[in-house]
Amino acid sequence: MKLVSLILTTFNCKENLEKTLQSIESQDYPNLEVVIKDGESTDGTLDVIRHYQKVSRYKVEWASVKDKGLYDAMNQGLVLSMGEIILFFNDKFTHGQVVSQCIHAMEREGADGVHGDLVYADNGVVKRYWKMGTGKIRNGWMPGHPTLFLRRQVYERYGGYDCTYKCSADYEFMVRILKDGGIRLAYIPEILVEMYYGGTSTQSAGAYGVSVREAHRALAANRVKFPWWVVFLRTLRTIPQFFPRKKSIETK
């Protein structure tokens, strides 16, 4: 079975890291590598990592060195990893078969990657439900990066994350790889990941404003036509997420 690298980035996030690692240990996929890039945490995060390396049934690689922020840490984690398939993961899987389900979908469809739905949750209460579906970047669609498994060759072909973005380097990366249709994704129409509520682009109205400006920049830099129109369409797709029909997490 192909080696899958789950790349985690950490900085003073002891409690959430413990939950994430428990979620990883629940997976039934046997060939996982857990790569943790820490930014010199001081809150006990390193103790959690050291303990996890001793008790995990998976191979664990980690490093704690300074970085220039989230996206630099992600790039460093990518360098540390060895897997044929990559997922950047800092949240929780909704059931124990997520990784195996995603890898099987990729192999069955001969796809370059796979993605699914996700929720933002606060103590199990759904605050936002991101139902992905399929579509095109120019129509305002985008997959949820926390669910996005990709073959390593995609990173080798397109490069990593642009650290000049404050909160939208993941979006710029997805625009870069998906705008021309050269990368094909499988889609699993169910909730795969529960995100901790309050990401870098959703903490406040000001942060969301930065993400909108950076989204326009990402589209323009990748020569997507009518970038402000695409940003508008993306916003229309985003609004219904804040009125979820699902109010709690359903797990298998």
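Preceding this section is the structure that the text describes.
Right, let's walk through the structure included here. (Residues numbered from 1 in each chain as written. Predicted model: local features only at pLDDT ≥ 70, side-chain atom pairs only at ≥ 80, totals over all residues. Heavy atoms only, no water.)

**Some details on the nonpolar core**
Right, on to step 1. Among the nonpolar cores identified, the biggest contains 71 residues, and V4, L21, I24, V34, F93 and F149 are the most heavily contacted of them.
Right, on to step 2. Once residues within four sequence positions are removed from consideration, I24 is found in contact with L6, L8, L32, V34, Y52, Y58, F89 and F93. (Core = buried A, V, L, I, M, F, W, Y, C linked by side-chain atoms within 4.5 Å. Buried < 20%, exposed > 50% of the residue type's maximum accessible area, 1.4 Å probe, protein only. Contact = heavy atoms within 4.5 Å.)

**A closer look at the pairing of strand β4 (residues 85-88)**
Right, on to step 1. Residue alternation in β4 divides its side chains into two sets, I85 and L87 and I86 and F88, and both sets are buried.
Right, on to step 2. Relative to β4, strand β1 (residues 4-10) runs parallel, the two being bridged by four bridges. When the bridges of β4 are listed, L6 appears paired with L87.
Right, on to step 3. As defined by bridge partners, β4 adjoins strand β8 (residues 149-151) across two bridges and the pair is classed as antiparallel. Across the sheet, residue I85 finds its bridge partner in β8, namely R151. (Helix = DSSP H or I, 4+ residues; strand = E, 2+ residues; numbered from the N terminus. Pairing = 2+ DSSP bridges.)

**A few points about the layout of surface pockets**
Right, on to step 1. Reported here for the second largest pocket is a volume of approximately 390 Å³.
Right, on to step 2. Surrounding the second largest pocket, 18 residues form its lining, G135, K136, I137, L178 and G181 being those nearest its centre.
Right, on to step 3. Of the residues that constitute the lining of the second largest pocket, the class distribution is six nonpolar, five polar and seven charged. (1 Å grid on protein atoms, 1.4 Å probe; cavity = no way out; pocket = protein on both sides within 12 Å on 5 of 7 lines; lining within 4 Å. Points joined across faces, edges and corners; volume = space filled by probe spheres on them. Nonpolar A, V, L, I, M, F, W, Y, C, P; charged D, E, K, R; others polar.)

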